[in-house]
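The primary structure of each chain is shown beneath.
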Amino acid sequence: MWYAHQPGRRTRQILGDGAVLLWSGGWASAAVAAHRLISQPDRPAPHANARLPLLGPRVNGTLHDVALAGDRLADASPAGPAPAQALALLAAVALFVVPVALLLALWLPRRLRWVRQAAAARDLAATEDGRELLALRTLLRPLDDVGRTAGALPDSTPGSLAEGWREGDPATLDALAEAELVRLGLRTG
């Protein structure tokens, strides 16, 4: 299970995943453009006003500065263009890897944690003992979350929810398990 059942949460997840793909694609395009600018043989120095489509003036200026630096390295290299080509490739790879890796380091662990939690919750909801564990998980949430769960049930308080869980009251267990499923964005029932 990769996406939530609830439309609002599923939409946020799809938008987040799409944003990561766009971010990665944008940096891949920038890396390819930088590599092409740096590694073009026998070309005149880039014109100061030349620009690449879809990139702002700051990014265009930066890419042209990188291209000029590559030209200077190639001119200064005693071995000729081979080391400069390797440096151009290394610069392009770094231009892609650094920002994409930073984003993935932030996004991927959270996304995978939700996938694991949702799969475990779905499996637990299918069994009676599992529903008790889901109910306990709801009770272990921060107190304000437990208070909101109690407020959503008629004649309930956080203490009565804990008591109902201890006594194994089926209605309380079902309500608490359902609250955990809803928190994860999963279907109940």
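Residues numbered from 1 in each chain as written. Predicted model: local features only at pLDDT ≥ 70, side-chain atom pairs only at ≥ 80, totals over all residues. Heavy atoms only, no water.

A. Region of the structure containing a nonpolar patch on the surface. Residues Trp2, Leu104, Leu108 and Leu112 make up a contiguous nonpolar surface patch of about 290 Å² in total accessible area. With respect to the helices, strands and loops of the structure, Trp2 is situated in the segment before α1 (7-39). On the basis of relative accessible area, Trp2 is assigned to the partly exposed category, the value being 34%. (Patch = residues over 30% accessible without salt bridge, like charges linked within 9 Å, V, L, I, M, F, W, Y side chains within 5 Å. Areas by Shrake-Rupley, 256 points an atom, 1.4 Å probe, with all protein chains shown as cover. Salt bridge = Lys/Arg side-chain N within 4 Å of Asp/Glu carboxyl O. Helix = DSSP H or I, 4+ residues; strand = E, 2+ residues; numbered from the N terminus. Buried < 20%, exposed > 50% of the residue type's maximum accessible area, 1.4 Å probe, protein only.)

B. The arrangement of the pattern of salt bridges in detail. Summed over the entire model, instances satisfying the criterion amount to eight salt bridges. The salt bridge involving Arg111 is made with Asp17; its shortest N-O contact spans 3.1 Å. Of the two residues, Arg111 is situated in helix α3 (residues 81-125) and Asp17 in helix α1; the sequence distance between them amounts to 94 residues. Judged by relative accessible area, Arg111 falls into the buried class, the value being 6%.

C. Quick look at the side chain of Ser24. Looking at where Ser24 falls in the secondary structure, it is placed in helix α1. Judged by relative accessible area, Ser24 falls into the buried class, the value being 17%.

Spatial relationships are all this shows, so hold off on functional conclusions.
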